Amino acid sequence: MQFSSFSEFIDMGGYGFYVWLSFGTTALILSFLLVSSKAGHQKIINEIAKRQQRDDKLRQAREIRKQEKRSINEVTE
Amino acid sequence: MWKWLHPYANPEVSYHFTNKLLPWLSVLAAVFLCIGLVWALLFAPADYQQGHSFRIFYVHVPAASLSMGIYFAMAIAAFCSLVWQLKLADASAAAMAPVGAAFTAIALITGSAWGKPMWGTWWVWDARLTSELILLFLYLGVIALHSAFEDKNLAGKAAGILTLVGVINIPIIKYSVDWWNTLHQGSTVSKLGKPSMALDMLWPFIVCFIGFSLLVGVIICLRFRNEILARNSIRPWVRELVKTHKNK
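On a predicted model such as this, the values are computed, not experimentally measured, just so you know.

Each value, and the rule that gives it
- Residues numbered from 1 in each chain as written.
- Chains lettered and ligands numbered in written order.
- Predicted model: local features only at pLDDT ≥ 70, side-chain atom pairs only at ≥ 80, totals over all residues.
- Helix = DSSP H or I, 4+ residues; strand = E, 2+ residues; numbered from the N terminus.
- Rg over C-alpha atoms; globule rule 2.2 N^0.38 Å.
- Buried ≥ 20, exposed ≤ 12 C-beta atoms within 10 Å, placed from the backbone.
- Contact = placed C-beta atoms within 7 Å.
- Expected span 1.5 Å × (residues − 1).
- Bend = angle between axes of the 7 residues up to and from the residue.
- Axes fitted to C-alpha atoms, helices over the stretch in contact; angles between N-to-C directions.
- Parallel < 35°, antiparallel > 145°, perpendicular 65-115°, else oblique.
- Nonpolar A, V, L, I, M, F, W, Y, C, P; charged D, E, K, R; others polar.
- Core = buried A, V, L, I, M, F, W, Y, C linked by C-beta atoms within 7 Å.
- pLDDT = per-residue confidence, 0-100.

Colleague: I keep staring at the overall build of chain A and nothing clicks. Help me out?
Modeller: For chain A, the count of helices and strands is 2 helices and 0 strands. Computed over the C-alpha atoms, the radius of gyration of chain A is 31 Å, more than 25% above the 11 Å expected from 2.2 N^0.38 for a compact globule of 77 residues. Each principal axis of the C-alpha distribution contributes one length, and for chain A these read about 100 × 20 × 10 Å. The 77 residues of chain A split such that 16% are buried.

Dropping the structure here:
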(Lines give C-alpha, C1' and ligand atoms only; values in the text may rest on other atoms or scores of the structure.)
Protein backbone atom coordinates (compact mmCIF):
# COMPACT_ATOMS: atom_id res chain seq x y z
CA MET A 1 0.00 0.00 0.00
CA GLN A 2 1.44 3.35 -1.05
CA PHE A 3 -0.86 5.59 1.00
CA SER A 4 -1.26 5.81 4.76
CA SER A 5 -4.64 7.54 4.82
CA PHE A 6 -7.68 8.02 2.59
CA SER A 7 -7.13 11.77 2.21
CA GLU A 8 -3.58 11.07 1.10
CA PHE A 9 -4.96 8.65 -1.48
CA ILE A 10 -7.36 11.29 -2.81
CA ASP A 11 -4.60 13.90 -2.88
CA MET A 12 -2.21 11.67 -4.90
CA GLY A 13 0.82 13.64 -3.75
CA GLY A 14 -0.63 16.90 -5.08
CA TYR A 15 -1.63 15.43 -8.44
CA GLY A 16 -5.12 14.40 -7.28
CA PHE A 17 -7.01 16.60 -9.73
CA TYR A 18 -5.16 15.25 -12.78
CA VAL A 19 -5.20 11.61 -11.72
CA TRP A 20 -8.90 11.61 -10.86
CA LEU A 21 -9.74 13.61 -13.98
CA SER A 22 -8.09 10.88 -16.06
CA PHE A 23 -9.63 7.93 -14.25
CA GLY A 24 -13.00 9.68 -14.00
CA THR A 25 -13.38 10.54 -17.69
CA THR A 26 -12.16 7.06 -18.64
CA ALA A 27 -14.78 5.45 -16.40
CA LEU A 28 -17.46 7.83 -17.69
CA ILE A 29 -16.75 7.28 -21.39
CA LEU A 30 -16.39 3.51 -21.08
CA SER A 31 -19.48 3.00 -18.94
CA PHE A 32 -21.54 5.14 -21.32
CA LEU A 33 -20.30 3.08 -24.27
CA LEU A 34 -20.94 -0.18 -22.45
CA VAL A 35 -24.46 0.73 -21.34
CA SER A 36 -25.50 2.17 -24.71
CA SER A 37 -24.12 -0.87 -26.56
CA LYS A 38 -25.99 -3.20 -24.22
CA ALA A 39 -29.22 -1.21 -24.47
CA GLY A 40 -28.90 -1.17 -28.27
CA HIS A 41 -29.77 -4.86 -28.42
CA GLN A 42 -33.28 -4.46 -27.01
CA LYS A 43 -33.75 -1.26 -29.00
CA ILE A 44 -32.98 -2.99 -32.28
CA ILE A 45 -35.22 -5.92 -31.42
CA ASN A 46 -38.09 -3.54 -30.64
CA GLU A 47 -37.50 -1.64 -33.88
CA ILE A 48 -37.53 -4.83 -35.92
CA ALA A 49 -40.67 -5.98 -34.09
CA LYS A 50 -42.39 -2.69 -34.88
CA ARG A 51 -41.44 -2.95 -38.55
CA GLN A 52 -42.74 -6.51 -38.64
CA GLN A 53 -46.06 -5.47 -37.13
CA ARG A 54 -46.37 -2.69 -39.70
CA ASP A 55 -45.59 -5.09 -42.53
CA ASP A 56 -48.12 -7.58 -41.20
CA LYS A 57 -50.78 -4.87 -40.96
CA LEU A 58 -50.06 -3.69 -44.51
CA ARG A 59 -50.34 -7.25 -45.77
CA GLN A 60 -53.64 -7.75 -43.98
CA ALA A 61 -55.00 -4.49 -45.36
CA ARG A 62 -53.99 -5.53 -48.87
CA GLU A 63 -55.76 -8.85 -48.50
CA ILE A 64 -58.91 -7.23 -47.17
CA ARG A 65 -58.94 -4.82 -50.11
CA LYS A 66 -58.49 -7.70 -52.51
CA GLN A 67 -61.41 -9.55 -50.96
CA GLU A 68 -63.59 -6.45 -51.09
CA LYS A 69 -62.80 -5.97 -54.77
CA ARG A 70 -63.63 -9.57 -55.44
CA SER A 71 -66.96 -9.31 -53.65
CA ILE A 72 -67.83 -6.06 -55.47
CA ASN A 73 -67.05 -7.74 -58.77
CA GLU A 74 -69.27 -10.66 -57.84
CA VAL A 75 -72.17 -8.31 -57.00
CA THR A 76 -71.85 -6.34 -60.25
CA GLU A 77 -71.68 -9.51 -62.29
CA MET B 1 -8.56 -23.69 -41.38
CA TRP B 2 -11.10 -22.47 -43.92
CA LYS B 3 -13.30 -25.45 -43.23
CA TRP B 4 -13.22 -24.59 -39.56
CA LEU B 5 -13.84 -20.89 -40.14
CA HIS B 6 -16.51 -21.29 -42.74
CA PRO B 7 -19.56 -21.72 -40.47
CA TYR B 8 -18.73 -18.42 -38.74
CA ALA B 9 -19.42 -16.60 -41.98
CA ASN B 10 -23.06 -17.40 -41.27
CA PRO B 11 -24.66 -14.51 -39.37
CA GLU B 12 -26.89 -16.76 -37.29
CA VAL B 13 -23.98 -18.92 -36.11
CA SER B 14 -21.90 -15.82 -35.39
CA TYR B 15 -24.73 -14.23 -33.44
CA HIS B 16 -25.16 -17.23 -31.17
CA PHE B 17 -21.42 -17.69 -30.81
CA THR B 18 -21.06 -14.04 -29.74
CA ASN B 19 -23.89 -14.51 -27.26
CA LYS B 20 -22.15 -17.49 -25.72
CA LEU B 21 -18.81 -15.69 -25.60
CA LEU B 22 -20.15 -12.55 -23.91
CA PRO B 23 -20.63 -13.72 -20.29
CA TRP B 24 -17.17 -15.28 -20.16
CA LEU B 25 -15.50 -12.22 -21.61
CA SER B 26 -17.43 -9.93 -19.27
CA VAL B 27 -16.43 -11.83 -16.13
CA LEU B 28 -12.78 -11.97 -17.21
CA ALA B 29 -12.76 -8.27 -18.08
CA ALA B 30 -14.28 -7.33 -14.72
CA VAL B 31 -11.78 -9.47 -12.79
CA PHE B 32 -8.74 -8.18 -14.65
CA LEU B 33 -9.86 -4.54 -14.52
CA CYS B 34 -10.63 -4.67 -10.79
CA ILE B 35 -7.28 -6.24 -9.92
CA GLY B 36 -5.38 -4.04 -12.35
CA LEU B 37 -6.92 -0.74 -11.30
CA VAL B 38 -6.65 -1.39 -7.56
CA TRP B 39 -3.05 -2.44 -8.08
CA ALA B 40 -2.31 0.60 -10.22
CA LEU B 41 -3.97 3.11 -7.89
CA LEU B 42 -3.03 1.71 -4.48
CA PHE B 43 -0.07 -0.61 -4.64
CA ALA B 44 2.13 0.34 -7.57
CA PRO B 45 5.05 2.53 -6.51
CA ALA B 46 5.09 6.22 -7.41
CA ASP B 47 7.56 7.32 -10.07
CA TYR B 48 10.72 8.89 -8.65
CA GLN B 49 10.38 11.90 -10.96
CA GLN B 50 6.67 12.14 -11.69
CA GLY B 51 5.32 11.11 -8.30
CA HIS B 52 1.76 9.84 -8.17
CA SER B 53 0.82 11.51 -11.48
CA PHE B 54 2.49 8.48 -13.00
CA ARG B 55 -0.65 6.47 -12.19
CA ILE B 56 -2.31 8.05 -15.24
CA PHE B 57 0.05 5.84 -17.23
CA TYR B 58 -2.06 2.78 -16.33
CA VAL B 59 -5.04 4.06 -18.33
CA HIS B 60 -3.27 6.29 -20.83
CA VAL B 61 -0.95 3.72 -22.38
CA PRO B 62 -3.48 0.85 -22.68
CA ALA B 63 -6.01 3.28 -24.16
CA ALA B 64 -3.51 4.65 -26.67
CA SER B 65 -2.19 1.30 -27.83
CA LEU B 66 -5.72 -0.12 -28.02
CA SER B 67 -6.83 2.87 -30.09
CA MET B 68 -4.22 1.86 -32.66
CA GLY B 69 -4.84 -1.86 -32.27
CA ILE B 70 -8.58 -1.48 -32.84
CA TYR B 71 -7.90 0.63 -35.92
CA PHE B 72 -5.63 -2.06 -37.28
CA ALA B 73 -8.26 -4.75 -36.63
CA MET B 74 -10.88 -2.55 -38.26
CA ALA B 75 -8.62 -2.12 -41.30
CA ILE B 76 -8.24 -5.91 -41.63
CA ALA B 77 -12.01 -6.31 -41.40
CA ALA B 78 -12.51 -3.54 -43.97
CA PHE B 79 -10.01 -5.22 -46.30
CA CYS B 80 -11.79 -8.59 -45.99
CA SER B 81 -15.12 -6.95 -46.64
CA LEU B 82 -13.86 -5.05 -49.71
CA VAL B 83 -11.97 -7.96 -51.26
CA TRP B 84 -14.12 -10.97 -50.39
CA GLN B 85 -17.41 -9.15 -49.79
CA LEU B 86 -17.79 -10.70 -46.36
CA LYS B 87 -20.83 -9.00 -44.91
CA LEU B 88 -19.94 -10.00 -41.38
CA ALA B 89 -16.55 -8.32 -41.74
CA ASP B 90 -18.46 -5.14 -42.50
CA ALA B 91 -20.60 -5.61 -39.42
CA SER B 92 -17.52 -6.11 -37.26
CA ALA B 93 -15.80 -3.03 -38.70
CA ALA B 94 -18.91 -0.99 -37.94
CA ALA B 95 -18.92 -2.43 -34.41
CA MET B 96 -15.28 -1.52 -33.82
CA ALA B 97 -15.33 2.10 -34.97
CA PRO B 98 -17.12 3.68 -31.96
CA VAL B 99 -15.03 1.64 -29.50
CA GLY B 100 -11.84 2.80 -31.18
CA ALA B 101 -13.05 6.39 -31.16
CA ALA B 102 -13.79 6.18 -27.44
CA PHE B 103 -10.34 4.83 -26.67
CA THR B 104 -8.68 7.49 -28.82
CA ALA B 105 -10.61 10.15 -26.94
CA ILE B 106 -9.56 8.59 -23.63
CA ALA B 107 -5.92 8.50 -24.73
CA LEU B 108 -6.10 12.20 -25.68
CA ILE B 109 -7.90 13.30 -22.51
CA THR B 110 -5.72 11.32 -20.11
CA GLY B 111 -2.67 12.46 -22.06
CA SER B 112 -3.73 16.08 -21.61
CA ALA B 113 -4.36 15.56 -17.92
CA TRP B 114 -0.91 14.04 -17.61
CA GLY B 115 0.76 16.68 -19.77
CA LYS B 116 -0.53 19.61 -17.73
CA PRO B 117 1.37 18.78 -14.50
CA MET B 118 4.40 17.25 -16.28
CA TRP B 119 4.96 19.52 -19.29
CA GLY B 120 3.06 22.55 -18.05
CA THR B 121 0.59 22.50 -20.91
CA TRP B 122 -2.64 20.67 -21.77
CA TRP B 123 -1.81 20.47 -25.45
CA VAL B 124 1.05 20.95 -27.88
CA TRP B 125 0.96 20.46 -31.64
CA ASP B 126 3.65 17.87 -31.59
CA ALA B 127 3.87 14.81 -33.82
CA ARG B 128 2.50 12.21 -31.42
CA LEU B 129 -0.41 14.29 -30.18
CA THR B 130 -1.38 15.58 -33.59
CA SER B 131 -1.30 12.17 -35.26
CA GLU B 132 -3.42 10.72 -32.45
CA LEU B 133 -5.91 13.55 -32.96
CA ILE B 134 -6.02 12.69 -36.66
CA LEU B 135 -6.79 9.11 -35.64
CA LEU B 136 -9.81 10.40 -33.72
CA PHE B 137 -11.01 12.27 -36.82
CA LEU B 138 -10.50 9.15 -38.94
CA TYR B 139 -12.67 7.17 -36.52
CA LEU B 140 -15.33 9.87 -36.56
CA GLY B 141 -15.26 9.87 -40.37
CA VAL B 142 -15.68 6.10 -40.47
CA ILE B 143 -18.60 6.25 -38.01
CA ALA B 144 -20.22 9.03 -40.04
CA LEU B 145 -19.86 7.08 -43.29
CA HIS B 146 -21.33 3.94 -41.73
CA SER B 147 -24.45 5.86 -40.79
CA ALA B 148 -24.57 8.10 -43.87
CA PHE B 149 -26.10 5.53 -46.23
CA GLU B 150 -29.37 3.68 -45.96
CA ASP B 151 -27.77 0.82 -47.90
CA LYS B 152 -25.40 -0.87 -45.43
CA ASN B 153 -23.28 -2.48 -48.16
CA LEU B 154 -22.61 0.86 -49.79
CA ALA B 155 -21.89 2.42 -46.39
CA GLY B 156 -19.48 -0.39 -45.58
CA LYS B 157 -17.64 0.12 -48.85
CA ALA B 158 -17.22 3.87 -48.36
CA ALA B 159 -16.17 3.49 -44.73
CA GLY B 160 -13.84 0.64 -45.68
CA ILE B 161 -11.99 2.73 -48.23
CA LEU B 162 -11.54 5.56 -45.72
CA THR B 163 -10.33 3.02 -43.14
CA LEU B 164 -7.74 1.59 -45.52
CA VAL B 165 -6.46 5.00 -46.57
CA GLY B 166 -6.18 5.98 -42.90
CA VAL B 167 -3.97 3.00 -42.06
CA ILE B 168 -1.00 5.15 -43.08
CA ASN B 169 -1.56 7.09 -39.87
CA ILE B 170 -0.87 4.08 -37.63
CA PRO B 171 2.92 3.76 -38.23
CA ILE B 172 3.13 7.55 -38.08
CA ILE B 173 1.65 7.51 -34.57
CA LYS B 174 3.74 4.55 -33.51
CA TYR B 175 7.09 5.92 -34.66
CA SER B 176 6.40 9.64 -34.26
CA VAL B 177 8.39 9.70 -31.02
CA ASP B 178 11.43 8.24 -32.82
CA TRP B 179 11.18 10.16 -36.07
CA TRP B 180 10.64 13.63 -34.69
CA ASN B 181 11.69 15.50 -31.62
CA THR B 182 8.55 15.51 -29.59
CA LEU B 183 7.58 16.51 -26.10
CA HIS B 184 6.04 13.08 -25.73
CA GLN B 185 8.36 10.60 -24.12
CA GLY B 186 9.63 7.55 -26.00
CA SER B 187 8.01 4.18 -25.50
CA THR B 188 8.79 2.41 -22.27
CA VAL B 189 6.83 -0.79 -22.52
CA SER B 190 7.00 -2.03 -26.08
CA LYS B 191 10.72 -1.60 -26.56
CA LEU B 192 12.00 -4.71 -28.22
CA GLY B 193 13.88 -6.93 -25.85
CA LYS B 194 13.67 -5.69 -22.31
CA PRO B 195 11.10 -3.06 -21.40
CA SER B 196 12.79 -0.20 -19.61
CA MET B 197 10.50 -0.33 -16.64
CA ALA B 198 10.65 -1.64 -13.11
CA LEU B 199 8.85 -4.94 -12.70
CA ASP B 200 6.59 -3.73 -9.90
CA MET B 201 5.31 -1.08 -12.33
CA LEU B 202 5.20 -3.40 -15.30
CA TRP B 203 2.99 -6.10 -13.75
CA PRO B 204 0.05 -3.85 -12.83
CA PHE B 205 0.36 -2.36 -16.30
CA ILE B 206 0.10 -5.79 -17.93
CA VAL B 207 -2.97 -6.65 -15.84
CA CYS B 208 -4.60 -3.31 -16.71
CA PHE B 209 -3.78 -3.78 -20.36
CA ILE B 210 -5.34 -7.25 -20.46
CA GLY B 211 -8.37 -5.90 -18.57
CA PHE B 212 -8.92 -3.05 -21.02
CA SER B 213 -8.41 -5.39 -23.99
CA LEU B 214 -11.05 -7.74 -22.62
CA LEU B 215 -13.41 -4.82 -22.07
CA VAL B 216 -12.84 -3.83 -25.71
CA GLY B 217 -13.76 -7.41 -26.60
CA VAL B 218 -16.96 -7.21 -24.58
CA ILE B 219 -18.11 -3.91 -26.09
CA ILE B 220 -17.24 -5.02 -29.63
CA CYS B 221 -19.19 -8.26 -29.12
CA LEU B 222 -22.20 -6.30 -27.84
CA ARG B 223 -22.12 -3.97 -30.83
CA PHE B 224 -21.35 -6.76 -33.31
CA ARG B 225 -24.47 -8.58 -32.14
CA ASN B 226 -26.55 -5.43 -32.70
CA GLU B 227 -25.06 -4.93 -36.16
CA ILE B 228 -25.87 -8.51 -37.15
CA LEU B 229 -29.49 -8.11 -36.10
CA ALA B 230 -29.86 -4.75 -37.84
CA ARG B 231 -28.41 -6.11 -41.08
CA ASN B 232 -30.42 -9.33 -41.13
CA SER B 233 -33.77 -8.00 -39.95
CA ILE B 234 -35.78 -9.74 -42.67
CA ARG B 235 -34.25 -13.20 -42.15
CA PRO B 236 -36.54 -15.84 -40.64
CA TRP B 237 -34.20 -16.57 -37.72
CA VAL B 238 -34.19 -12.91 -36.71
CA ARG B 239 -38.00 -12.83 -36.95
CA GLU B 240 -38.17 -15.81 -34.62
CA LEU B 241 -35.70 -14.23 -32.24
CA VAL B 242 -37.57 -10.94 -32.23
CA LYS B 243 -40.83 -12.73 -31.33
CA THR B 244 -39.26 -14.32 -28.24
CA HIS B 245 -37.31 -11.24 -27.08
CA LYS B 246 -39.85 -8.51 -27.78
CA ASN B 247 -40.32 -6.09 -24.84
CA LYS B 248 -38.96 -8.50 -22.34
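Colleague: Looking at this structure, I do not really get the overall build of chain B. What am I missing?
Modeller: Check the secondary structure of chain B and you find 9 helices and 0 strands. Written out in order from the N terminus, the α and β elements of chain B read α-α-α-α-α-α-α-α-α. Taken against the 2.2 N^0.38 rule, which gives 18 Å for 248 residues, the C-alpha radius of gyration of chain B at 20 Å falls within 12% of a compact globule. Across the 248 residues that make up chain B, the buried fraction comes to 39%. Across chain B, contacts joining residues at least 24 apart in sequence account for 76% of those joining residues at least 6 apart.

Colleague: Looking at this structure, how should I read helix α2 (residues 16-76) of chain A?
Modeller: The α-helix winds at 3.6 residues per turn, so residues separated by three or four positions along the chain end up facing the same way. Between the first and last C-alpha of α2(A) there are 88 Å, a value that for 61 residues agrees with the 90 Å anticipated at 1.5 Å per step. Along α2(A), the sharpest change in direction is near 30 degrees and occurs at Gly40(A). Those residues of α2(A) lying buried are Tyr18(A), Val19(A), Ser22(A), Thr26(A), Leu30(A), Leu33(A), Ser37(A), Ile44(A), Ile45(A) and Ile48(A). For α2(A), the secondary structure elements touched by its buried residues are α3 (57-84), α4 (87-119), α8 (199-231) and α9 (236-245) of chain B.

Colleague: Can you help me understand the packing of α2(A) against α4(B) in this one?
Modeller: Two packed helices can be described by the angle between their axes and the distance between those axes. Between α2(A) and α4(B), the least distance of the axes is 9 Å, while the angle of their chain directions is 170 degrees. The angle between α2(A) and α4(B) falls in the class roughly antiparallel. In this structure, α2(A) contributes Tyr18(A), Leu21(A), Ser22(A), Thr25(A), Thr26(A), Ile29(A), Leu30(A) and Leu33(A) to the contact, and α4(B) contributes Pro98(B), Val99(B), Ala102(B), Ala105(B), Ile106(B), Ile109(B), Thr110(B), Ala113(B), Trp114(B), Lys116(B) and Pro117(B). By residue class, the composition of the contact of α2(A) with α4(B) is 14 nonpolar, 4 polar and 1 charged.

Colleague: How should I be thinking about the interface of chain A and chain B in this particular structure?
Modeller: Note on interface size: it is often stated as the accessible area lost on association of the parts. Every contact between the two is made by 28 residues of chain A and, on the other side, 37 residues of chain B. When grouped by side-chain class, the residues that make up the side of chain A that touches chain B number 16 nonpolar, 10 polar and 2 charged.

Colleague: Would you explain helix α5 (residues 127-148) of chain B in this entry?
Modeller: All names here are of chain B. For α5, with 22 residues, the first-to-last C-alpha span of 31 Å sits near the 32 Å given by 1.5 Å per residue. By the burial criterion, the buried members of α5 are Ala 127, Arg 128, Leu 129, Glu 132, Leu 135, Leu 138, Tyr 139, Val 142, Leu 145 and His 146. Looking at the buried residues of α5, the elements they touch are α3, α4, α6 (152-166) and α7 (169-179).

Colleague: Please clarify how the nonpolar core should be interpreted in this entry.
Modeller: Where a protein is soluble and globular, its nonpolar side chains tend to be buried together. Ranked by size, the top nonpolar core spans 72 residues in total, and within it Ala93(B), Met96(B) and Val99(B) carry the most contacts. Secondary structure elements with two or more residues in this core: α2 of chain A together with α2 (11-43), α3, α4, α5, α8 and α9 of chain B. Other than its neighbours up to four places away in sequence, Met96(B) contacts Ile70(B), Ala73(B), Met74(B), Ala77(B) and Ile220(B).

Colleague: I tried to follow the environment of Glu47(A) on my own but got confused; where do I start?
Modeller: Following the sequence through the fold, Glu47(A) ends up in helix α2. Each C-alpha atom, one on Glu47(A) and one on Arg59(A), is 18 Å from the other, the two residues being 12 residues apart in sequence.

Colleague: It is not clear to me how unusual backbone geometry should be interpreted in this structure. Could you clarify?
Modeller: Glycine aside, the phi torsion of most residues is negative, and most peptide linkages are trans. With phi around 55 degrees, Met12(A) is a residue other than glycine that occupies positive phi space. Tracing the chain through its elements places Met12(A) in the loop between α1 (6-11) and α2. In this structure, Gln85(B) is a non-glycine residue whose phi angle is positive, near 55 degrees. Looking at the secondary structure, you find Gln85(B) in the loop between α3 and α4.

Colleague: Honestly, the confidence of the model for chain B in this entry has me stumped. Any pointers?
Modeller: Looking at chain B, pLDDT values average 89 and 93% of them are 70 or higher. Confidence estimates for the predicted assembly give a pTM of 0.89 and an ipTM of 0.87.

Colleague: Help me out: how do you make sense of the environment of Ala148(B) in this one?
Modeller: Residue and element names in this part refer to chain B. Turning to its location among the elements, Ala 148 is positioned in helix α5. Note on Ala 148: 12 C-beta atoms within 10 Å, which makes it exposed. For the pair formed by Ala 148 and Ala 158, sequence separation is 10 residues and the distance between their alpha carbons is 9.6 Å.

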